[in-house]
Amino acid sequence: MQLFKTPSIRFLKYKYVALAITAAIVLAGVLNITAFKGLKLGVDFGEGTLLRIALKSPATEGQLRDLLKSVDLGKSQVQRSEKTGSETGREFQIRAMEAASTKGNEADQLEAHEALADKIITALLGDDGKAEKARGLIDLNTVDERTLTGLLESAFPGSGPDAALKVLSYRNREGIIRDFQDLSGEGLKPEVQTFLKDRTYLGKMTILSRETVGPQVGADLRRKAVQATIWSLLGMLVYIALRFRLEYGVAAVFTLFQDVLITMTVYSFTNREINLPIIAGILTIVGFSINDTIVIFDRVRENQKLMRGKPLEEIMNVAINQCLGRTIITSGTVFLTVGALFLFGGDVINDFAFLMLIGTIEGVYSTVYLSCPVVLFWQKWFGTKKGGRR
Amino acid sequence: MKKNLQWKVVLTVAVIALAIFLAYPFNDAKIRRGLDLKGGIHLTLQVITDDSINIETDQEVTRLEELFKKNSITFSKVTKEGLGRIAVQGALADQESKTRDLFEQYSRDWDYSFTADRANLTLKPLAAQFLRDQSVSQAKETIDNRINGLGVSEPLVQTQGKDKIIVELPGVDDPERVKELIKVTAVLEWKLVKAGPAPDEATLLQATNGQVPDDAEIVKGDPKRGEGGFYLVDKVAVVTGKDLRTIRRTTDEWNNPAVSFTLNADGGARFEQVTGANIGKQIAIILDKKVQSSPVVESRIARAQGGVIQGRFDAQTADDLVVVLKAGALPAGIKYLEERTIGPALGADSVRQGLMAGLVAIVAVMAFMVFFYRLSGFNAVAALLLNVLILFGALAYFKAALTLPGIAGIILSIGMAVDANVLVFERIKEELALGKGVASAISQGFSRAFSAIFDSNLTTIISAIFLFQFGTGPIRGYAVTLTISLVANLFTAVFVSHLLFDLMVKKSAKKLSI
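What to know about the overall build of chain B
And then number 1: Each helix and strand counted, chain B has 13 helices and 17 strands in total.
And then number 2: By sequence separation, contacts in chain B at least 24 residues apart represent 70% of the contacts at least 6 residues apart.

This is the structure we're talking about:
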């Protein structure tokens, strides 16, 4: 199937307009990041504590916030997690935003953040389970494997580990056990179920994850991420300069810088947090963009041999047109893939997929309207040596 | 079959077989999941390496005091001035050469200088660095041993940077216990009790006029063991954890969990002598400066007999005590810098959603390729499937864990694999449009598209290698899957796909379904 006949659109005619648009977006982004909203650093790169919880019965963000307000943690970010195929309002992500009390030195910061997390958990639980705990019951929704195994083993020697595994596998699948009745499908013996009803209770909340990062590690991760990015950009610059010419390498890396900036700009407008998986997303965009750029440069390199004497701008226009079909098909496919992730990927992948959606569109644009013009300008300013390297 | 195709077919089949062999049966044991997908505990901790310098300085002070006494050098005081800094006070001027000789001979790790009435010693930087490094590697080893005592499958204990240690425990769900287990210094000492337990220090020191005697010190009881109050004990321990020969979980006469031990020859002899001489007195069992219990010595304990540590333990605490005592004491204190506990439920959720999304994505891409490129599209589908297969084989071989960012890496590589196919197919179309025959269009298409595919894949591989080199955990996971699949991509999209065309399309074919 043919998408269309090779067109001859004079893309580079609009290079100044495009550059102006790019500059405007980047400027807006830089302003937004530096002067207004700033980038929201997640716990990975900032510091602090992030909790993911599941509730037995649905609640709203407001209700949880009110509970936190009562213990002076009203500034905490409470965010509902959207989970496909399940009732909403049962899973939340909470990040304490209050500065941890740091009377002591830096060393105690982590403990302070941990204490905040404990405080949040206590506030959310409220009086839930206090009476049951006083009677010596165990919360089946938070109990760890070892304790539960021990409890069941003492009552049913020989079948403790097996029964505990059945209960926990249900809890792991559903996030939280809502009713003892729900366990009946797990193949537990009736006497085990009766025993559980007698000796345990179902707390209103379970902790899905708890992450605390101290200032030292936060700074460390930040530094390492920046370092890794700079080195990998340098590596690409050198390789492209060797395989093509220096200006192509410079143009490619310049384009990538811009890709990262624009993506961050859009990202900063949406209030999402920057975490380690997001860095992976940005790197992926960089990967796609460099791929696009090289495919076009490769075609330019080839056309230079076939179209000797023609101005570079025209050669580039022809190359972009020749690659247009491929660009649309490939980017379309990637867009499709990332679209699937965005729709079905769930909470953790969602931010990443969103970033990729922006990046895919942006990457194509930047290849055509940034990497090619940069090469043109470079040659205009510094002149060009005869003959391309191969 | 054409001759030159034979070895290509053999190679391709061999690669497929190898990948299946490595990854079969595609379960958890073969394809390891990272903590973010499996659940578990990730801890970053810092070894307080200053501790090792402190210990060395303290020991040097004691050593110098003994040395001077033995060599009858008069001095008034040896004091610790700070980290790795010692001052010897007193009239040393007239004995300088003798002192200098002693320093040269016995304190080689120390720089020294003399002033009118004192000598100053500082620990040499190289020696200090050696001590610090040693304390980190010893701490790592100790933690390793303790973790092994936990019986976790595939734990990871790794040093990072100068003084950090990373601990990853997949599938573990009680962080508090693990943190405690790692953090206890586990210095175990038996010391004779001079007085106590008393509710406060003043009462404790009534007999000694409010003064702590030179050869004694005050320790607190461990409230967790039901031991409140203060004890006055000998400064010098009768035996310590280093004298232990065996250590085992047991139960005491009331059937409570306890820990039994036997001592080595040296420690056993000392224990026998001291217990024999102190019948009726209390002996305190002290763990990390906290009294666990203080039984009364009822008879001389023979050297081979050993004893039992009771402390109102619950079963788990007793178990853990055995683990840490077997693993030995930490050479320096540690503090936590980062703690992440990912519940198995969240991990399972991510896997389910990640798989779902990945599956939808791959099926969508494949459907599109077949729809757009007809029969040739199947070619791309085969290359894509093979790529994923090789990735799993390589992950299993390198024992690399699959993480969420790793899945991002796979998505990028799927995108680039599709792109490689698109580049070739579009090029073949161009060649066909120029009026070339099918066979020559295919071969021209592949050779013309090759440089673009090669350069773009290699550029990304180069960047991935740098990311691996300089990145941290999740970024590394990304770099690993990306590098593997891009290398696989060069093989599948160029070599295998070309081979499939050669096998399927007759040389004389007039039309190509593309």
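So that's the structure; there's more coming.
Some points on the overall build of chain A
And then number 1: Scanning chain A from N- to C-terminus turns up twelve helices and eight strands.
And then number 2: For chain A, whose C-alpha radius of gyration is 28 Å, the value lies well above the compact-globule estimate of 21 Å for 390 residues.
And then number 3: For the C-alpha atoms alone, the extent of chain A along its principal axes is close to 90 × 55 × 35 Å.
And then number 4: Sequence separation of 24 or more characterises 72% of the internal contacts of chain A that already satisfy a separation of 6 or more.

Thoughts on the sheet that holds strand β16 (residues 307-309) of chain B
All names here are of chain B.
And then number 1: Pairing in this open sheet of three strands is antiparallel, and the strands run β12-β13-β16 from one edge to the other. At either margin of the open sheet sits one strand with a lone partner, and together these are β12 (244-251) and β16. Within this sheet the neighbouring strands show an average axis-to-axis angle of 30°, counted without direction.
And then number 2: Relative to strand β13 (residues 257-263), β12 runs antiparallel, the two being bridged by seven bridges. Its bridge partner lying in β13, R249 is registered against V259.
And then number 3: Contacts between helix α9 (residues 315-327) and the sheet are confined to β12 and β13, with β12 contributing the most and set at about 170° to the helix.

Describing the sheet that holds strand β7 (residues 205-213) of chain A
And then number 1: The antiparallel open sheet is built from eight strands, whose spatial order is β3(A)-β4(A)-β2(A)-β7(A)-β17(B)-β1(B)-β7(B)-β6(B). With one partner strand each, in any of the chains shown, β3 (77-80) of chain A together with β6 (156-160) of chain B form the two edges of the open sheet. The sheet shows a mean angle of 20° between the axes of neighbouring strands, taken without regard to direction.
And then number 2: Looking at chain direction, strand β2 (residues 48-55) of chain A and β7 of chain A are connected through eight bridges and run antiparallel. Within the sheet, the bridge partner assigned to I53 of chain A lies in β7 of chain A and is I207 of chain A.

Observations regarding unusual backbone geometry
And then number 1: Looking along the chain, the bond that leaves Y24 of chain B and enters P25 of chain B is cis, with omega of 5°.
And then number 2: Within the secondary structure, P25 of chain B is located in the loop between α1 (3-23) and α2 (35-38).
And then number 3: In this structure, D72 of chain A is a non-glycine residue whose phi angle is positive, near 60°.
And then number 4: Take D72 of chain A: it is sitting in the loop between α2 (61-69) and β3.
And then number 5: Taking the C-beta count within 10 Å as the criterion, D72 of chain A has 10 such neighbours and is therefore assigned exposed.
And then number 6: In the Ramachandran plot, K399 of chain B falls in the positive-phi region, its phi being about 55° despite a non-glycine side chain.
And then number 7: Positionally, K399 of chain B belongs in the loop between α10 (344-398) and α11 (404-433).

Focus: the interface of chain A and chain B
And then number 1: With 64 residues of chain A at the contact, the number on the chain B side is 59 residues.
And then number 2: Of all the secondary-structure elements, those providing two or more residues to the side of chain A that touches chain B are α5 (145-155), α6 (160-174), β7, α8 (215-243), α10 (276-306), α11 (312-344) and α12 (346-382) of chain A.
And then number 3: Of the residues assigned to the side of chain A that touches chain B, the class counts are 32 nonpolar, 20 polar and twelve charged.
And then number 4: Relative to strand β17 (residues 334-342) of chain B, β7 of chain A runs antiparallel, the two sharing five bridges. Residue pairing for β17 of chain B: R210 of chain A is matched across the bridge by T341 of chain B.

Examining the nonpolar core
Grouped burial of nonpolar side chains is what soluble globular proteins tend to show.
And then number 1: In terms of nonpolar packing, the biggest core is built from 213 residues, with L467 and I475 of chain B touching the most fellow members.
And then number 2: Per-element tally for this core: the top contributor is α11 of chain B, with 17 residues.
And then number 3: If we skip the residues at most four places from it in the chain, I475 of chain B touches A225, A228, L276, I279 and A280 of chain A together with P405 and L467 of chain B.
And then number 4: In this structure, V78, I86, L121 and A128 of chain B belong to the second largest nonpolar core, which totals twelve residues.

Quick word on the pairing of strand β7 (residues 164-170) of chain B
Successive residues of a regular strand alternate their side chains across the two faces of the sheet.
Residue and element names in this part refer to chain B.
And then number 1: With respect to burial, β7 is a largely interior element, five of its seven residues being buried.
And then number 2: Sheet analysis places strand β1 (residues 40-47) next to β7, joined by seven bridges and oriented antiparallel. Opposite T44, over in β7, you have I166 as the bridge partner.
And then number 3: Relative to β7, β6 runs antiparallel, the two being bridged by five bridges. Within β7, the position partnered with Q160 by the bridge is K164.
And then number 4: Count of turn residues in the β6/β7 antiparallel hairpin: three residues, of which G161 carries a positive phi of about 65°.

Overview of α6 of chain A
And then number 1: In this model, α6 of chain A (15 residues) spans 21 Å end to end at C-alpha, consistent with the 21 Å of a helix rising 1.5 Å per residue.
And then number 2: Listed in full, the buried residues belonging to α6 of chain A are A163, A164, V167, L168 and R171 of chain A. Summarising the axial view, the buried residues of α6 of chain A lie within an arc of 125°, below the 170-degree limit, and thus occupy one face.
And then number 3: Those residues of α6 of chain A that are buried lie in contact with α5 and α7 (190-199) of chain A together with α10 of chain B.

Points about the packing of α5 of chain A against α6 of chain A
All names here are of chain A.
And then number 1: Two elements in contact, α5 and α6, have axes separated by 8 Å at closest approach and are oriented at 130°. Relative to α6, the element α5 lies oblique. In terms of crossing hand, the pair formed by α5 and α6 is right-handed. From α5, E145, L148, T149, L152 and E153 reach across to α6, where they touch G160, P161, A163, A164, V167 and L168.
And then number 2: Taken together, the residues that form the contact of α5 with α6 break down as seven nonpolar, two polar and two charged.

Focus on the packing of α10 of chain A against α11 of chain B
For any two helices packed against each other, the geometry comes down to the angle between their axes and how far apart the axes lie.
And then number 1: α11 of chain B packs onto α10 of chain A with a crossing angle of 15° between their chain directions and a minimal axis gap of 9 Å. The pairing of α10 of chain A with α11 of chain B is recorded here as roughly parallel in orientation. Handedness of the crossing formed by α10 of chain A with α11 of chain B: right-handed. Counted together, L276, P277, A280, G281, T284, G287, F288, N291 and V295 of chain A of α10 of chain A and L404, P405, A408, I411, L412, G415, M416, D419 and L423 of chain B of α11 of chain B form the full contact between these two elements.

A few points about the confidence of the model for chain B
And then number 1: Residues with a pLDDT of 70 or more make up 98% of chain B, whose mean pLDDT is 85.
And then number 2: Reported confidence for the predicted complex is 0.81 by ipTM and 0.80 by pTM.

Observations concerning the environment of S57 of chain A
And then number 1: With respect to the element layout, S57 of chain A can be found in the loop between β2 and α2.
And then number 2: Sequence separation of S57 of chain A and F269 of chain A is 212 residues, and the distance between their C-alpha atoms is 33 Å.

Regarding the environment of L123 of chain B
All names here are of chain B.
And then number 1: With respect to the helices and strands, the residue L123 is situated in strand β5 (residues 118-123).
And then number 2: C-beta crowding within 10 Å serves as the criterion here: with 21 such atoms nearby, L123 is assigned to the buried category.
And then number 3: Sequence separation of L123 and D111 is twelve residues, and the distance between their C-alpha atoms is 6.2 Å.
And then number 4: If near-sequence neighbours (up to four positions away) are discounted, L123 is found in contact with I53, E56, G84, D109, W110 and A128.

Quick notes on the environment of E272 of chain B
All names here are of chain B.
And then number 1: Looking at where E272 falls in the secondary structure, it is placed in helix α8 (residues 265-277).
And then number 2: A residue is classified by how many C-beta atoms lie within 10 Å of it, and E272, with 17 of them, is partly exposed.
And then number 3: Separated by 140 residues in the primary sequence, E272 and L412 have C-alpha atoms spaced 70 Å apart.

Calculation criteria
Residues numbered from 1 in each chain as written. Chains lettered and ligands numbered in written order. Predicted model: local features only at pLDDT ≥ 70, side-chain atom pairs only at ≥ 80, totals over all residues. Helix = DSSP H or I, 4+ residues; strand = E, 2+ residues; numbered from the N terminus. Contact = placed C-beta atoms within 7 Å. Rg over C-alpha atoms; globule rule 2.2 N^0.38 Å. Pairing = 2+ DSSP bridges. Axes fitted to C-alpha atoms, helices over the stretch in contact; angles between N-to-C directions. Buried ≥ 20, exposed ≤ 12 C-beta atoms within 10 Å, placed from the backbone. Nonpolar A, V, L, I, M, F, W, Y, C, P; charged D, E, K, R; others polar. Core = buried A, V, L, I, M, F, W, Y, C linked by C-beta atoms within 7 Å. Expected span 1.5 Å × (residues − 1). Arc of directions from axis to C-beta. Parallel < 35°, antiparallel > 145°, perpendicular 65-115°, else oblique. Left-handed = near helix turned anticlockwise from the far one by under 90°. pLDDT = per-residue confidence, 0-100.

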